[in-house]
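These are the residues of each chain, in order.
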Amino acid sequence: MLFSIVIPLYNKADTIERTLRAVEAQVFRDFEVVVVDDGSADDSAAVVARTKRTFPLRIITQANAGVSVARNRGVAESHGKYIAFLDADDVWHKEYLQELAKIIELNPESEYIGCSSEIVYADYVMRMKETGKIEKISFYDEWPFYSAIHTSSFAVTKKAFDRVGGFTPGCKFYEDAELYYKLAKHYPLYVSRRNLEYYYRDAEVKACSTSSKTCLDWPHWKWAESELANGSRDKALKRCIRIELLRQLNNYARSGNVEMIGRIVETYPNLTTLLPVGFFKSKLTRTLGLPILLAIAAWFRMKHNMRVKVEAK
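Criteria and thresholds
Residues numbered from 1 in each chain as written. Predicted model: local features only at pLDDT ≥ 70, side-chain atom pairs only at ≥ 80, totals over all residues. Heavy atoms only, no water. Helix = DSSP H or I, 4+ residues; strand = E, 2+ residues; numbered from the N terminus. Rg over C-alpha atoms; globule rule 2.2 N^0.38 Å. Buried < 20%, exposed > 50% of the residue type's maximum accessible area, 1.4 Å probe, protein only. Areas by Shrake-Rupley, 256 points an atom, 1.4 Å probe, with all protein chains shown as cover. Lys, Arg positive; Asp, Glu negative; His and termini not counted. Charge placed at Lys NZ, Arg CZ, Asp CG, Glu CD. Patch = residues over 30% accessible without salt bridge, like charges linked within 9 Å, V, L, I, M, F, W, Y side chains within 5 Å. Salt bridge = Lys/Arg side-chain N within 4 Å of Asp/Glu carboxyl O. pLDDT = per-residue confidence, 0-100. Contact = heavy atoms within 4.5 Å. Arc of directions from axis to C-beta.

### Overview of the overall build of the protein
Along its length, the protein carries 14 helices and eleven strands. Its C-alpha radius of gyration of 20 Å places the protein within 12% of the 20 Å reference for a compact globule of 313 residues. Its C-alpha atoms put the protein at 65 × 45 × 45 Å along the principal axes. A burial count over the protein gives 55% of its 313 residues as buried. Approximately 13,700 Å² of the protein is accessible, and the part contributed by carbon and sulfur atoms is 52%. In the protein, the 45 positive side-chain charges and the 39 negative ones have mean positions that sit 6 Å from each other.

### Some thoughts on a nonpolar patch on the surface
A grouping of W299, M302 and M306 is seen on the molecular surface, where their side chains present a nonpolar patch of about 310 Å² in accessible area. Its relative accessible area of 33% is what places W299 among the partly exposed residues.

### Some thoughts on the confidence of the model for the protein
Here the protein averages 92 in pLDDT, and 96% of its residues register 70 or above. Here residues 204-212 is modelled with pLDDT under 50, and outside its nearest four sequence neighbours on either side it reaches 22 contacts, counting other chains as well.

### Overview of helix α10 (residues 258-267)
Residues of α10 that are buried: M260, I261 and I264. Down the axis of α10, the buried side of the element spans an arc of 105°, and every buried residue falls inside it. With respect to the buried face of α10, the exposed residues turned more than 90 degrees away are E259 and E266. In this fold, the buried residues of α10 make contact with α8 (219-229), α9 (235-255), α11 (269-272) and α12 (277-281).

### Concerning the pattern of salt bridges
Summed over all chains, the structure comprises 17 salt bridges. With a closest N to O distance of 3.7 Å, R29 and E24 form a salt bridge. E24 gets classed as partly exposed once you look at its relative accessible area, which sits at 24%. In this structure, the salt-bridge partner of R58 is E32, at a minimum N-O distance of 3.3 Å. Here R58, found in strand β3 (residues 57-62), pairs with E32, found in strand β2 (residues 31-38); they are 26 residues apart in sequence, far enough to count as distant. For R58, a relative accessible area of 29% gives the class partly exposed. Residue class for E32 comes out buried when judged on its relative accessible area of 5%. Salt bridges linked by common partners bring E118, R127, K309 and E311 together as one network.

Printed below as a string of structure tokens:
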């Protein structure tokens, strides 16, 4: 079996049938589905059970333990070579798995693959700019500006997933980014520049929580800090962190939040050694350097706009 589709399920009775219909519509059929009901309080599992389907599906029920534990459980119970993750409120184009299979056929050494996406908000849609090409990239090169993949638009071999330790238990936001960072340390990402996944951000509760916590809590920063503390010389990782830090510090500097800049320096000493953070902490240099800060902001916006376009829904 080529793919195991792992779906974490928590109180998604209103969307899970739509997700399963998208799976049923897949042109490529060499897959199984593992649904992990993470202690839903609604009838999500009952909706899954009564949804008509022609593919093999198993429902695993567990006490609520969070999305990371649910996904890890699904992987442990799976039989496919590649694990394709899908949240219970997202949708795939009918050719999604077929495109992933094409990536694998052209690049049999690939461990870590995905497709571009469209992010659906309540009143607008953000689309990746499509070229139709399949490219071999470093995830680190794209993440700071706009991620090439999302949780529901990538697949990874079970071997590679186990090698990096899977999702961190207890992590409820940006747990996907941490996994991408860990995988990128060992593997290139093979990505199709076709928008074949639809990531719904208008849902009330995502399986992957969009927490408003500050960047001090971001797990991928914690992982990168640990890597640097342990002597990592990965230039791509350092470049990625440098750019992401620059964006965050620039935002705080423009708003005059010197306290947050100081907390970032204190929390992540190894990350902030990559940047002249004294420039951002000084009120005088922030004032004199306003044109520089504005230029940095414009640069980020330009790089972001090169990758996406936004249209009214």
